[in-house]
Structure formats: C-alpha cells, structure tokens
Amino acid sequence: MHMRKCHDHVIARTALLIGCTALVLSLSGPGAQAQPRDVARQTLGAGDGWASEGTGTTGGSTADAQHVYTVTTWEQFRAALKDGGSAPKIIKVKGMIDAVSEGCDAFAAAGYDFQKYLAAYDPAVWGHDKPVSGEQEDLRAASAAAQDKTIKASVPADTTIIGVGKGSGIRGGSLQIKGVDNVIVRNLAFEAPIDCFPQWDPTDDNKTGAWNSEYDGIVVYGSTHVWVDHNTLTDGRYPDSSLPAYFGKTYQQHDGLLDVVRGSDHVTVSWNSFKDHDKTMLIGNSDSATADDTGKLKVTLHHNRFEGIVERAPRVRFGQVDSYNNHFVVTKGQKWGYVYGIGKESRLVAEHNAFTLAQGISPAKILKKWNEAPVTAGSNVVNGKAVDLIAVHNAEIPAEKLQSGAGWTPTLRATVDPAKAVPGIVDARAGAGRVC
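Residues numbered from 1 in each chain as written. Predicted model: local features only at pLDDT ≥ 70, side-chain atom pairs only at ≥ 80, totals over all residues. Heavy atoms only, no water.

Considerations on the pattern of salt bridges
- Within this structure, the stated rule accounts for 16 salt bridges.
- Ionic pairing is found between R262 and D292, a salt bridge with its closest N-O pair at 3.4 Å. Within this pair, whereas R262 is found in the loop between β20 (258-261) and β21 (265-270), its partner D292 is found in helix α6 (residues 290-293), the two being separated by 30 residues in sequence.
- Relative accessible area serves as the criterion here: at 25%, R262 is assigned to the partly exposed category.
- For R305, the salt bridge is made with E307, and the minimal N-O distance between the two is 2.4 Å.
- Shared partners join several salt bridges into a network, and the residues in it are R305, E307 and D427. (Salt bridge = Lys/Arg side-chain N within 4 Å of Asp/Glu carboxyl O. Helix = DSSP H or I, 4+ residues; strand = E, 2+ residues; numbered from the N terminus. Buried < 20%, exposed > 50% of the residue type's maximum accessible area, 1.4 Å probe, protein only.)

Structure representation (structure tokens):
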C-alpha cells in the first residue's frame, strides 16, 4: 500500500482568502487576528443543520499523525479507508482518482455479449410479461457484480474525506457511508458512476420496459451525523443526453448523485453544486421502509446550487427535511420534471430559496405531490420575485392539491440569507475547490 502518511500543520497567513471557508477567529485579546485552520480537521459548526444535533459531526478531526493519508489512486483510497481499524482518520484526495480507469470491458464476464443480450431480450422476442432470465442475463449479472466489487468504497465511522485544493475528486466511484456515525465529505468533484451493465426490465413502466441502473455517487445508508459540504456532483463526461436508446428506452446508466436512506439521521448537506443529472437525490428510498425511516431522515440542505437537474432535488419520504437558501436553476430547453418531491409521511420545510427559471417555465412544477403530506414553503423567490409555491401549485395543478404547514419549525440553521441574495452568494461559493 503506497500511501503518504503525514502530519498536518497549521500555517499562519496574514491575508484573508476570499471565498474560502477555512478561516476561524482565534480571539485571544484586543486586536486578535483571524488565524487559518487546517481544513482537514475542521468540524461542523454548532447549530449548522441536523448534523450538528447532539454530539455533532467531527469526522476524523482527532486523527493522530499515523492516520492521516494523502492518496492519488482509487486503490490507495480504498486501502486508506480500511487501514487503522476503528481509529479516527483523515483521507486527503489529491487530484482526480478513477475507480473505472481500465474501462467497463475490464468487468465483463467471459461470454457476455451486449449484442447477444439485446437479441435475446428484444420485446419482439421476449415480450413484456416476465423478467429476463437465461445465459446472457446471468453473464450480465456476473459482470455487474465485478463492477460492484470494484467501484464501491465503504467509509468507516469517525472519518473525514477531503479534496486537496482545486481539481481533486473521484470519477466513477461510489462512497458507501453505511451503518456508521460521524463522517465528513468535503471539497471533492464527483463524476457520477456509470452502470456498465444496466438490466433490461420488460415489465417496468407499465409493461413498456425500462433500463435500470445501480450506483449513486454518495450513499448514506443507516448512518448518523454526516456532513457533505462544498462538493461538486455531476454526470461529467457521460451526461444522459449522450446515452443511446434500445427498445425505445434510454439506456440509463446513472442512478442518484446523493441518497440518504434506510434510517439515516442527522445529515447536513451544504454548499454543494449538483449539476446535469436526472434522479438527483432521494431522502427515503421506499414507501415500504416505515420501520426503518419513521422518526428519522432528519436532513438539512442549505446553500447548495442545482442546475440542469431533472427531478429529486430532493424527493422526500418520512423525513423532517429543512431546505433553505438553495439556488435552483432550470435552463431553456433542458428536460425538467420538478424540484421537491412530496412523498409518504414527509415533513418538508422549504424556505428562503431562490429559483431561476427560463422563460415559459411555470413555478407550479417546483413542488410535486406523490403522497398526501403537508409542506411548508414560504419566503421563496422565483426570478427575483416572491412566489407562494403552494398557492401557485394548487392553482395550476388542482388534482395534486398540497396541504400547507409541515408541523415543525427548524431551529438548527446557520446564517439565513435573504432569498433575493441567494443566487449571488451561492453561485460564488458553492462547489468543490472553494475550501482553502
């Protein structure tokens, strides 16, 4: 395992770094100056969203020198996650590391042939009444299993993962924050993993069929106290617009960018850029997850930028979700469904957000009702003007009438900016490369 282990030193600087978030005030008397702080050891501030609740979120801030790593490859990254057992750790990602550097063919099982797969399961041959099975499906599944084993990285408790400077990130990998507590992920550019071997389901989509893919950029599954901050998450080199169609359906190779599911709780998602993706974020992934999710899925989203997003920003089930001071941009000609999905037993509060919609796009579609659940949506602006999102939705889409009033009031909020100021503030500071 070739990893550089290092001590992290605080280096004094005399000038403020504009746009950076790493400076803290050390008040030791009159005239005390701002002192820089090692961002790899920075913790979530008190009162900054649901992840600050209780014990707060400190990640690997207490790691000793032997458990601070700088990695430059995917293999080193996964080795660092495993090294040191349960000791707190800091992993610094330097440059772009690629989980699929050898390409999809490296995962293909002997005998798998996509053209044979298409021929075997063509609806004209197979129909739409039963799931696919047989040799090529078995080989597709074996190929998918090989990819799954390679591109997933399990993140342990008490860990900070942070990009070094600008231009650092992860291509094609899936961070699995599963069944752990106290994790920080910051300053990374994520190119969403592509599923090299999507499965054709002829029975899906009202028996018209659909291609179904796996792998999210970041999955928070059954975990608590997670802070995801100043990252950029996008489809990168493989936008959905570049994907072909087979059997009349898009060969979908992307799942979500960031999902928070299965009993996860106390999560703050701040100052990230989500761009050019379809199914962006689930908070709660199933109506049937009542036992896991009831009373949990408390998530705060603030000062994030969403552009070129089709839907799920986020779609919410069960959780008390606080979404404030985010900027949502819908451009002319892009595919767009909705921003907020109101799902089963959700209690969404969406306040002080800004929406920039291209001409001719109605704000009525910002909210999408999937299940009967109340929502609070006040003090939002659309193209700089105050808009009552619930009122305009109910007026234009009366068949999906929404109830007003989520039944709770968020208290764990960092600075709340006026909605009209949000585009300027968020666009200048959200995303990777802006933590110094």
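Here the narrative resumes.
Details of the state of the cysteines
- Applying the stated rule across the entire model yields one disulfide.
- Between the sulfur of C104 and that of C196 lies a disulfide, 2.0 Å long from S to S. The sign of the -70 degrees torsion about the S-S bond sets the C104-C196 disulfide as left-handed. Highlighted residues: C104 in the loop between β6 (96-98) and α2 (114-121) and C196 in the loop between β12 (189-191) and β13 (199-201), separated in sequence by 92 residues.
- On the basis of relative accessible area, C104 is assigned to the partly exposed category, the value being 24%. (Disulfide = S-S within 2.5 Å.)

Section: helix α4 (residues 135-151)
- The terminal C-alpha atoms of α4 lie 25 Å apart, and with 17 residues this matches the ideal 24 Å at 1.5 Å per residue to within 8%.
- Among the residues of α4, those classed as buried are Q136, E137, L139, R140, S143, A144, Q147 and I151. The buried residues of α4 occupy an angular sector of 160 degrees when the element is viewed end-on, so they sit on one face. What points out from α4, more than 90 degrees from its buried face, is the exposed set E135, D138 and K149.
- Those residues of α4 that are buried are in contact with α1 (74-82), α2, β7 (152-154), β10 (174-178) and β13. (Expected span 1.5 Å × (residues − 1). Arc of directions from axis to C-beta. Contact = heavy atoms within 4.5 Å.)

Brief notes about the packing of α2 against α4
- With their axes 9 Å apart at the nearest point, α2 and α4 run at an angle of 135 degrees to one another. The angle between α2 and α4 falls in the class oblique. Note that α2 runs across α4; the crossing there is left-handed. Along the contact surface, α2 presents K116, Y117 and Y121, while α4 presents E135, Q136, E137 and R140.
- Taken together, the residues of the contact of α2 with α4 sort by class into two nonpolar, one polar and four charged. (Axes fitted to C-alpha atoms, helices over the stretch in contact; angles between N-to-C directions. Parallel < 35°, antiparallel > 145°, perpendicular 65-115°, else oblique. Left-handed = near helix turned anticlockwise from the far one by under 90°. Nonpolar A, V, L, I, M, F, W, Y, C, P; charged D, E, K, R; others polar.)

Structural notes on unusual backbone geometry
- For the bond from A313 to P314, the omega torsion is 0 degrees, close enough to zero to count as cis.
- Mapped onto the elements, P314 comes out in the loop between β25 (305-311) and β26 (315-316).
- A positive phi angle is found at N206, which is not glycine, with a value near 55 degrees.
- Inspection of the secondary structure assignment puts N206 in helix α5 (residues 204-207).
- Under the relative-accessibility criterion, N206 is labelled exposed at 75%.

Describing the pairing of β21
- Counted residue by residue, β21 has six buried out of six residues, so it is predominantly covered.
- Alignment of strand β16 (residues 224-229) against β21, held across five bridges, turns out to be parallel. Residue W227 lies in a different strand from β21, and its bridge partner there is T268. (Pairing = 2+ DSSP bridges.)

A word on the nonpolar core
- By size, the foremost hydrophobic cluster in this structure holds 82 residues, and its most contacted members are F77, L175, I218 and Y340.
- Ignoring sequence-local partners within four residues, the contact set of Y340 consists of A313, P314, S323, F328, L348, A350, N353, F355, I366, L367 and K368.
- Grouped together as the second largest cluster of nonpolar side chains are seven residues, V39, A40, I90 and I162 included. (Core = buried A, V, L, I, M, F, W, Y, C linked by side-chain atoms within 4.5 Å.)

So, the sheet that holds strand β9 (residues 169-171)
- Strand order in this open sheet of ten strands is β6-β9-β12-β17-β22-β25-β28-β31-β34-β35, and the pairing throughout is mixed. The strands lining the two open edges of the sheet, one partner per strand, are β6 and β35 (385-387). This sheet shows a mean twist of 25 degrees between the axes of neighbouring strands, independent of strand direction.
- Of the strand pairs in this sheet, strand β22 (residues 273-279) and β25 are connected by five bridges, and their pairing is parallel. In the strand pairing of β25, H277 is matched with I309.
- Contacting β25, β28 (327-330) and β31 (354-357), helix α8 (residues 422-429) runs over the sheet at an angle of about 90 degrees to β28.

Observations regarding the side chain of D322
- In this structure, D322 sits in strand β27 (residues 320-324).
- Under the relative-accessibility criterion, D322 is labelled buried at 1%.
- Side chain to side chain, D322 and R413 meet in a polar contact 2.8 Å long. (Polar contact = N/O pair within 3.5 Å; in protein donor to acceptor, adjacent residues only side chain to side chain.)

Points about the side chain of N231
- For N231, the location among the structural elements is in the loop between β16 and β17 (232-234).
- By relative accessible area, which is 0% here, N231 ends up buried.
- Contact partners of N231, with chain neighbours within four places excluded, come to V185, R186, N187, L188, F190, W271, N272, S273, G431 and A432.

As for α2
- Buried within α2 are the following residues: F114, Y117, L118 and Y121. Angular distribution of buried residues about the axis of α2 spans 95 degrees; they occupy a single face of the element. Seen from the open side of α2, the exposed residues pointing more than 90 degrees away from its buried face are Q115 and K116.
- Residues of α2 that are buried sit in contact with α3 (123-126), α4, β13, β14 (210-212) and β18 (245-246).
- Where α2 begins, the capping side chain belongs to D113, and its oxygen is found 2.9 Å from the backbone nitrogen of Q115.

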